[in-house]
Amino acid sequence: MADDYLDIFQQSYREEALELLAELEDSLLEWEENPADPDLLDRIFRAVHTVKGSGSMFGLDELASFAHEVETALSLAREGALEVSGRLIDLTLAARDLIQTMVEELDGGDPPDPDAVQALKADFSALTQGKGGDAPPPVETQGGEKTMGPETWWVRFEPSPDLFRRGTRVTGLLKELRELGECTVAARTGRIPPLDRIDADACFTFWDAVVTTEKGEEAIRDVFLFVEDDCKLIIERLEASPHLQAHAPMLLEFLETAEDPGPKDLKRLVRLAEDLSSAESSAQIRSKAKARKDAGADEDHSKALARAGREASGGGPVRAGQNGKGKNGKEISSIRVPAHRLDKLVDLVGEMVTVQARLTSASARLADEDLRRVSEEVERLTMELRDNAMSCRLVPIGTLFSRFKRMVRDLSHELGKDVAFSVFGGETELDKTVIERLGDPLVHILRNAADHGIESPEERAATGKHPQGTISVTAEHSGDYVLIRVADDGRGLDAEAIRAKAEKMGLCAPGAELSDRQIFDFIFMPGFSTTSRVTGVSGRGVGMDVVKKSVEALDGEILVSSEKGAGTVVTLKIPLTLAIIDGLLVAVGDDYYVIPVSSIEECVEFTREDIVRGRGRKTITVRGEMVPYIRLKDRFRLGVSMSEVEKVVIARAGEHRVGFVVDQVIGDHQTVIKSLGPVFRQVTDVSGATILGDGSVALILDVQRIIRDAHYEATV
Amino acid sequence: MNDVKSQAAARRKALTDDKVRSEAAITLVTFMLEEETYALDIGQVREILEFTSVTKVPQTPDFVRGVINLRGSVVPVVDLKLKFGMKQTEKTVNTRILVTEVDVDGDVAVIGALADAVHDVVEMEPHEIGPPPKIGTRLSVEFIRGMGRKDDEFIIILDFEKVFSSEELSAVQSLEDAPAGEETGLAEEPLDEENSVSDDQ
């Protein structure tokens, strides 16, 4: 059991740390652009501090001590003792990467190179040497808060019962508290239930402390930073009094019964403690304290009510998203939910949609007015439910883009190029799984842009361009799709060179008439690379075909446009979601197929005259244009006789149009996509299956793939 | 999906544990293909269904009869008789689908197998099971885990992991290049060839 908790706890630490590190990276890159911005420095400092703090709470001492070095340098920079330089930023970025390696090590990753850790530590101490001297690492004087004379605070730390389960070590927290200054702590054990009702994993204890420190409330609050969401924390300043610490035990005794005393009560208590600790009679003390408690009972009650109200509105021990966690952050704007629960929800909604389709068809059959009304209601609710459940899985694509910033920066340094990287539309949302699977293809495209696209500063200057190249990534919605554009202002694709290479590889006939689009399409062929040079970055001839495959696996499309000398734009067209699509249900013989509506242009009649007019070629004339057609009956070898009237569904993939000949077009179908599983891995014409209202299975045609295959065969 | 995987993993573990435990008796589900009795380890059989309508999937060999809807999941159904070079399974009152869990290249796949009839659940001691015969069976020795003998009757114990290995399933691949709109007769030939090759192995 304990191991399970530890796992859960470690995992949540890992997730949070990785999130923080991602944030840190963003801030650092921003900082590089605006080194003078003190807010950024604060954000960076806080991120490092938090990673360090939670790391040491989990016993990651190496990580903590390393992060500590970074923190020292940053806090010197905050004080102005250390100049903000490119070197500091580079070192901090490198440190961030090492910390990430350390965090990933928890998950079975490789441990960081100890030499690298030492080297970086040395770099940091070289940087801080002589600046702040060997001054003790500054304990944060948060947000520029002035340090003042010693003040005495009463701290009540009342953790949620789950505290231990999350792996928090209270002794660590209290130790940190003691380090702030003079401190007296009392553990409150009054709430521990009798043995038969005790839960060994739960925390029933709470703590009171009287702390005298110069560091202010922030510093105390920071001690509890990582458990703030899971506990009730009261920090009240006690009236300044030089001897208060001496009376602390007495004061704590009074405070034991105090529920939520106001400043006035506290003042009275302090005075009482001071008076009485010098007096002798402990009996007297107790009775007075009791009297105070009784007198204050009514007041306390109303306060307790008010507090209960506050807590209720804040929600219980729900884990708040990092961003919503302000100082008084009781408002919870986001909840962290394990992805598999969301997947389950979406699965269930999928089932629901299927059942609803059955209900609709049953109600149509039974022609009962009441049933029809209910079924319509259910239909409406199901659609709403579907949209909502789907939107839960949507994640802004910016989470992916932020990774690229760093990559492009490092890459352009490595290649000796000057590249300005910008991102637009990071708030555009896409299905989580889609985003995950977009990472690698986009990395490939960006690498190509930086390596092959952007010229060296000298070359750029020579052609009259600004020495700094630009690469931009833009995301935007377009109907049921998201368009992601990667644009650079580099040298562009050389259509002639690509053509020559394609002819050499036998991909097209010499001198064939090809549009630029068709020529550019060759770069997606396996093994196609016009660069003779292989760098560590790209040029190995693997890449664009893999990119294309992964985009197509997402049911997406990839388009390239380029002008020689002016730059290249690669556009990815990605469907919003993968789980449920709008489909058109068609019948061929006894079988049903679904064609994704997103690919369909129109449906037309198909008659024997069309066959005659085609004169042997399998084409049909639609609005004056010749469109090749595929007869599904033949393609799938269904061996049923031709029906008198057939329909053609005209579908489009890229610039190619193909007609699919079917027996019957049945109508719209909300298609819940079911995977066909490993057995059908080799099947290319069908991308999945769906379950119809009557419980039978219909196959979903991979129209894009069929059209492209057909076109490819026609050109070769 | 994960549930299925972990269940299957647990079951497989239980199976190997069983083996470790001094080759204890194994429990088998017996079924008929034509006149012969075959068997599968009960740990691999998830449930037994009546033969309902099957949706044919293109670009698959004939022995893959298609897919069925099993309470919301799409499950492939294979015709063992076609796979083993017998006649296609016809639908009768006794025809059943054995829903099994098979490891296909590390992925747990749920696969339905057609049987002319499902008979019994039997226990067999290790000494009742012999090695696969070298000759004299219609199907490849590779697919056979062992030959059981019960009351003068031979039982062919199958190794489904082998029957459904990716090589066996990839017989599909040869069909992939069938050009769009090709006439029926032309494309069918490579399929038959492919089948006979795999059957003779």
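Each remark here, short or long, concerns the structure printed above.
Reading the values: rules and limits
Residues numbered from 1 in each chain as written. Chains lettered and ligands numbered in written order. Predicted model: local features only at pLDDT ≥ 70, side-chain atom pairs only at ≥ 80, totals over all residues. Heavy atoms only, no water. Helix = DSSP H or I, 4+ residues; strand = E, 2+ residues; numbered from the N terminus. Contact = heavy atoms within 4.5 Å. Pairing = 2+ DSSP bridges. Axes fitted to C-alpha atoms, helices over the stretch in contact; angles between N-to-C directions. Buried < 20%, exposed > 50% of the residue type's maximum accessible area, 1.4 Å probe, protein only.

Participant: I would appreciate a short explanation of the side chain of Thr571 of chain A in the present structure.
Facilitator: Mapped onto the elements, Thr571 of chain A comes out in strand E11 (residues 567–575). Dropping the residues within four chain positions of it, Thr571 of chain A is found in contact with Leu483, Ile484, Arg485, Glu557, Ile558 and Leu559 of chain A.

Participant: For this particular structure, what's the right way to read the sheet that holds E11 of chain A?
Facilitator: Adjacent strands of a sheet pair through backbone hydrogen bonds, lying either parallel or antiparallel. All names here are of chain A. As summarised here, the arrangement of the five strands in space is E6-E8-E9-E11-E10, forming an open sheet in which the pairing is mixed. Here the strands that pair on one side only, and so sit at the sheet edges, are strand E6 (419–424) and strand E10 (557–563). Pairs of neighbouring strands in the sheet enclose a mean axial angle of 15°, with direction left out of account. As paired strands, E6 and strand E8 (residues 469–478) are joined by six bridges and run parallel to one another. By the bridge assignment for E8, Phe424 is matched with Thr474. The strands touched by helix H19 (residues 544–553) are E10 and E11; relative to E10, the strand with the most contacts, the crossing angle is about 135°.

Participant: Sorry, what's going on with the environment of Ala449 of chain A here?
Facilitator: All names here are of chain A. The topology assignment puts Ala449 in helix H15 (residues 432–453). Through-space distance from the C-alpha of Ala449 to that of Val408 is 9.6 Å; in sequence the pair is 41 residues apart. Leaving out residues up to four positions away in the same chain, Ala449 has contacts with Ile454, Ile471 and Asp488.

Participant: Just checking my understanding: could you explain unusual backbone geometry for this structure?
Facilitator: For residues that are not glycine, phi is negative in most cases, and the peptide bond is trans in most cases. Residues other than glycine seldom take positive phi values, yet Ala367 of chain A does so here, at roughly 50°. With respect to the secondary-structure elements, Ala367 of chain A resides in the loop between helix H12 (339–366) and helix H13 (369–392). Overall, Ala367 of chain A belongs to the exposed group, its relative accessible area being 66%. In this structure, Gln59 of chain B takes a positive phi of about 60° despite not being glycine.

Participant: Mind showing me how you'd approach the sheet that holds strand E3 (residues 206–213) of chain A here?
Facilitator: All names here are of chain A. Read across the sheet, four strands follow the order E2-E3-E1-E4 without closing on themselves; strand pairing throughout is antiparallel. Each edge of the open sheet is held by one strand with a lone partner, namely strand E2 (182–188) and strand E4 (231–238). Adjacent strand axes in the sheet meet at a mean angle of 15° when their direction is disregarded. The sheet contact formed by E2 and E3 spans seven bridges and is antiparallel. Among the inter-strand pairings, Ala187 is bridged to a residue of E3, identified as Trp207.

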